[in-house]
Amino acid sequence: MNQHGSHASNRGMTDHAGAAAPGVIQSWRTTLIPTAREAPAEAESPSHVLLLRAGFIRKLGAGIYDYLPLAWRVLSKICRIVRQEMDSAGAAELLLPVLLPTELYAGTRRDLDYGDLLFKVTDRKGAVAALGPTHEEPMTELVKAAVTSYKQLPLNLYQIQTKFRDEARPRSGLLRCREFLMKDAYTFHLAVEGPGGLNEAYDAMHRAYVNIFRRCRLDFTVVEAESGPIGGSASHEFMVNCASGEDTILKCPVSGYAANVEKCEIGERPRGTFAEPATGDLMEVHTPNLPGIEEVGKFMGVKPARMLKTIVFRSAADVMWVLAVVRGDQEVNEGKVKAATGFPVVLADEREARAAGFSIGYVSPRMIRTVPASMLLIDPDASLGGFWASGADKPDYHVKHFNWRRDVGDLLDDPRRVRVTDIRNAVAGDPSPRAAGISLETGRGIEVGHIFKLGTKYSDAMGFSVLDEKQHKRAVIMGCYGLGVSRTMAACVEMSHDANGIVWPAPIAPYHVVITMMKPEAPEHTAAVRTLAEALSDAGIDVLIDDRDERPGVKFKDADLIGIPIRLTVGDKALAEGSVEFKLRTDPGKGESVPLAEAARRCLAAL
RNA sequence: CGGGGCGUAGCGCAGCUUGGUAGCGCGUCUGGUUCGGGACCAGAAGGUCGGAGGUUCAAAUCCUCUCGCCCCGACCA
């Protein structure tokens, strides 16, 4: 198998180096393709509507779907590409149980972290098992027991399996469901750097993912990401670019830097000197029963961009309060707050914060003066001079004309207590962190892959270490690599469809060619179609023959709806001159006449 | 988990306010006429009105409880 999947896609049907495997020939009448003119009212997003209408999926319950033959063919093709790229990147496939005894989580306590997201089942003895949402624990358990020497590392193991998550709110069909098909891989190493190290495997997986999504012909962006609750040190997300995507991503159009909202850095911004004069005397305003910044601003006649939002965090370890101040129209980024303080923080518990004197909902930066164990993080935008409104540090009151120097005082000059630094989410228009004078742009994306450098989080928690060549005990270093197979299918539809239906890229289309028979009952047509289909199959092309006794219009509409890349129409007119009509799904009109003998070559060239 | 909405034929919906024979379109089946972009005519089949309880002579309709599903938000690989 060649290493360069993206090249193999040029011959979409080429399976192994050289010989093309014969394509399938199936007839519409003998497979199950229940197309519908209308979709159920509950479907809204394009992929959901089209996959339902085109007969790919059926709903069995909230977030639970049947995969009908067309869908299964697409999923199988995606899986084949995934396997080829994973295998050539040095990974080995296996299959772990779906049913995971909860004792497995004793070390990592992730059953608690997952909470209600974890599906649980109870067996006849009362023992509780989880339906696997991911497989860090069983995989680590397996490798821990089987690997007894550092000489057996590194390892790269993966599986393709149905995963379960009891989503609070399943939505958009296959894009967020409770049961989904996913590839997950895990790597195990003695070191981060060097041959056999985590970084080497991570880079190889990164390349494999790029190859996979390229071969699927998806339009995607690789973004830097926070590693999130799964833990670890570095992470990338693979996002299909699509206006209807759930996630916002930020890109620098010049440097190529891309990141998700949680992670995105912001370039140098102007900041205040704290010497700016006050705009007026501090003025209290009674603002009762106003739930948010928007409402308070409207009530006081102040734009959110001129208000200071002070969020109270607490260090996880000891009692140190961290006040994060951003502009009212911007959002505090918890990860950046952690990075700025240098220690883990959590959003303060409301009751505790109140007990410490904070009027939650009405906190101002002035609290740094009255709470000794506290520090103030100020976002550059919030540090500027000019008019500010802020909380008044007592319930139901805000103040106008807040001034940094006058109201906070000399503590501003103490770098141990007060720091001006980036602590908010990036938005479109912010300066790029990688190119001076360039603004970040935003786009929407659907996350189809996510890779993490886990480090020793799981091996520490589960006691997985080996002796190295110097007989030193070393915690095993891990990486994990997820790829949503069923979500990839849906994301592809989301990205690639038109008013008539789905438009599949050839490499993952359920069939490459649909032969639309005008007269399925006519023997000469049947004979011609048989010859044609066999020629296509010999060329490695998957063929669906629409042999239904339907009117032409119905067949054309259905062919467009299910999105087969090429349609060959066999009818009296073309057949009389020994031809078929050749039409790409993306072409308008009726297509062009191609001699029967040429058809296979023509199709192959177009895929 | 908060807010909103919906469950009536395979799908889309009306009927509910004001209780009284359960309807329409698409699809399906039969016959006929058609046949290159979701045909036409005639006929037919198909419904525990999500479920349970209650009120009533009588409940799809009113009341109570319950289950399921969708959307917005919170959350989220």
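Residues numbered from 1 in each chain as written. Chains lettered and ligands numbered in written order. Predicted model: local features only at pLDDT ≥ 70, side-chain atom pairs only at ≥ 80, totals over all residues. Heavy atoms only, no water.

(A) Representation of the overall build of chain A in the model. Secondary structure assignment for chain A yields 18 helices and 32 strands. Projected onto its principal axes, the C-alpha coordinates of chain A cover approximately 95 × 65 × 55 Å. For chain A, the share of sequence-separated contacts (at least 6 apart) that also reach a separation of at least 24 residues comes to 70%. In the structure as shown, chain A presents an accessible area of about 26,800 Å², 52% of it carried by carbon and sulfur atoms. Side-chain charges in chain A split into 73 positive and 78 negative, and the spacing between the mean points of these groups amounts to 0 Å. (Helix = DSSP H or I, 4+ residues; strand = E, 2+ residues; numbered from the N terminus. Contact = heavy atoms within 4.5 Å. Areas by Shrake-Rupley, 256 points an atom, 1.4 Å probe, with all protein chains shown as cover. Lys, Arg positive; Asp, Glu negative; His and termini not counted. Charge placed at Lys NZ, Arg CZ, Asp CG, Glu CD.)

(B) Region of the structure containing the side chain of Gln 159. By secondary structure assignment, the location of Gln 159 is in strand E8 (residues 155-164). Given the relative accessible area of 0%, Gln 159 is considered buried. At 2.9 Å, the side chain of Gln 159 and the backbone nitrogen of Leu 96 are in polar contact. Apart from the residues within four sequence positions on either side, Gln 159 is in contact with Glu 93, Leu 94, Leu 95, Leu 96, His 135, Met 182, Lys 183 and Asp 184. (Buried < 20%, exposed > 50% of the residue type's maximum accessible area, 1.4 Å probe, protein only. Polar contact = N/O pair within 3.5 Å; in protein donor to acceptor, adjacent residues only side chain to side chain.)

(C) Local environment of the side chain of Arg 585. Note that Arg 585 resides in the loop between strand E31 (579-584) and strand E32 (592-595). A polar atom in the side chain of Arg 585 sits 3.1 Å from the backbone oxygen of Ile 502. Those residues in contact with Arg 585, other than ones at most four positions away along the chain, are Asp 498, Asn 500, Gly 501, Ile 502, Val 503, Asp 560, Gly 563, Ile 564 and Pro 565.

(D) Structural detail: the nonpolar core. Core analysis: the biggest nonpolar cluster contains 67 residues, and Leu 51, Phe 56, Tyr 209, Phe 213, Tyr 481, Trp 504 and Ile 562 have the highest contact counts within it. In terms of residue count, the dominant contributor to this core is helix H3 (residues 69-88) (nine residues). For this core, the domains that each give at least three residues are domain 1 (32-223 + 231-264 + 447-494) and domain 3 (511-606). Setting aside chain neighbours within four positions, we find Leu 51 in contact with Phe 56, Ile 57, Leu 174, Ala 490, Val 493, Ile 502 and Trp 504. Within the second largest apolar cluster, 24 residues are counted, among which are Ala 506, Val 513, Leu 536 and Ala 600. (Core = buried A, V, L, I, M, F, W, Y, C linked by side-chain atoms within 4.5 Å. Domains from an automatic or database assignment.)

(E) Broad picture of helix H14 (residues 485-495). Burial analysis of H14 places ten of its eleven residues in the buried class, which makes it a mostly covered element. When we look at burial in H14, the residues that qualify are Val 485, Ser 486, Arg 487, Thr 488, Met 489, Ala 490, Ala 491, Cys 492, Val 493 and Glu 494.

(F) Representation of the state of the cysteines in the model. Under the criterion given, the structure shown has zero disulfides. Its sulfur unpaired, Cys 216 is 7.5 Å from the next cysteine sulfur, which belongs to Cys 492. (Disulfide = S-S within 2.5 Å.)

(G) Geometry of the domain arrangement of chain A. In terms of domains, chain A is made up of domain 1 (32-223 + 231-264 + 447-494), domain 2 (283-420) and domain 3 (511-606). Measuring from the centre of the C-alpha atoms in domain 2 to the corresponding centre in domain 3 gives 67 Å.

(H) Inspection of the protein's contact with RNA strand B at higher detail. If you check the shell around RNA strand B, you find 44 residues, and the closest are Arg 165, Arg 169, Phe 180, Asp 560 and Glu 581. Within 4 Å of the protein, the contacting atoms of RNA strand B are 49% sugar and phosphate, with bases supplying the remainder. The side chain of Arg 53 places a nitrogen or oxygen atom 3.2 Å from a base oxygen of RNA strand B. In this structure, a sugar or linking oxygen belonging to RNA strand B sits 3.0 Å away from a side-chain N or O atom of Lys 59. When its residues are assigned to classes, the surface near RNA strand B shows 16 nonpolar, seven polar and 21 charged. (Near = heavy atom within 4 Å. Nonpolar A, V, L, I, M, F, W, Y, C, P; charged D, E, K, R; others polar.)

(I) Fine view of the pattern of salt bridges. One pass over the full model with this rule turns up 37 salt bridges. We note a salt bridge from Lys 59 to Glu 42, for which the minimum N-O separation is 2.7 Å. Of this pair, Lys 59 sits in strand E2 (residues 57-61) while Glu 42 sits in the loop between strand E1 (25-27) and helix H2 (46-53), and the two are 17 residues apart along the sequence. When its relative accessible area of 38% is taken as the criterion, Lys 59 is described as partly exposed. Under the relative-accessibility criterion, Glu 42 is labelled partly exposed at 46%. (Salt bridge = Lys/Arg side-chain N within 4 Å of Asp/Glu carboxyl O.)

(J) Inspection of the pairing of strand E9 (residues 179-189) at higher detail. Of all eleven residues making up E9, ten are buried, and the element is well covered by its neighbours. Strand direction decides the pairing type here: E8 and E9, joined by ten bridges, are antiparallel. In the strand pairing of E9, Leu 155 is matched with Phe 188. In this structure, E9 lies alongside strand E25 (residues 477-484), joined through eight bridges in antiparallel fashion. Residue His 189 lies in a different strand from E25, and its bridge partner there is Ile 477. (Pairing = 2+ DSSP bridges.)

(K) Seen up close, the sheet that holds strand E19 (residues 389-391). Strand order in the open sheet made by the three strands is E14-E20-E19, with antiparallel pairing throughout. The two strands at the open ends of the sheet, each matched to only one other strand, are strand E14 (283-286) and E19. For this sheet, the mean angle separating the axes of adjacent strands, direction not counted, is 30°. In the sheet, E19 pairs with strand E20 (residues 397-400) via three bridges, with the strands oriented antiparallel. The partner of Ser 390 across the bridge, within E20, is Val 399. (Axes fitted to C-alpha atoms, helices over the stretch in contact; angles between N-to-C directions.)

(L) Inspection of the sheet that holds strand E6 (residues 119-122) at higher detail. Here three strands make up an open sheet; going across it, the order is E5-E7-E6 and the pairing antiparallel. The open sheet is flanked by strand E5 (99-101) and E6, the only strands paired with a single partner. Across this sheet, the average inter-strand angle for adjacent strands is 40°, counted without regard to direction. One ladder, built from three bridges, connects E5 with strand E7 (residues 128-131); its direction is antiparallel. Note on E7: the bridge partner recorded for Leu 99 is Leu 131.

(M) Just a negative patch on the surface, in detail. A contiguous patch of negative charge, built from Glu 521, Glu 524, Asp 549 and Glu 550, is present on the exposed surface. Along the chain, Asp 549 falls in the loop between strand E29 (543-546) and helix H16 (552-562). (Patch = residues over 30% accessible without salt bridge, like charges linked within 9 Å, V, L, I, M, F, W, Y side chains within 5 Å.)

(N) How the structure looks around the packing of aromatic side chains. For the coordinates displayed, the defined rule picks out eleven aromatic pairs. A ring pair is formed by Phe 56 and Trp 504, whose centres lie 5.6 Å apart and whose planes are at 40°; its orientation type is tilted. Remark: Trp 504 occurs in the loop between strand E27 (501-502) and strand E28 (513-517) and Phe 56 occurs in the loop between H2 and E2; sequence separation between them is 448 residues. For the pair formed by Phe 56 and Trp 504, the shared burial category is buried. (Phe/Tyr/Trp six-rings, centres within 6.5 Å; stacked < 30°, edge-to-face > 60°.)

(O) Geometry of the packing of H2 against H14. Here H2 crosses H14 at 105°, and the two axes come no closer than 8 Å. Between H2 and H14, the angle falls in the class roughly perpendicular. Here H2 contributes Pro 46, Ser 47, Leu 50 and Leu 51 to the contact with H14, which in turn contributes Ala 490, Val 493 and Glu 494. Per-class residue counts for the contact of H2 with H14 are five nonpolar, one polar and one charged. (Parallel < 35°, antiparallel > 145°, perpendicular 65-115°, else oblique.)

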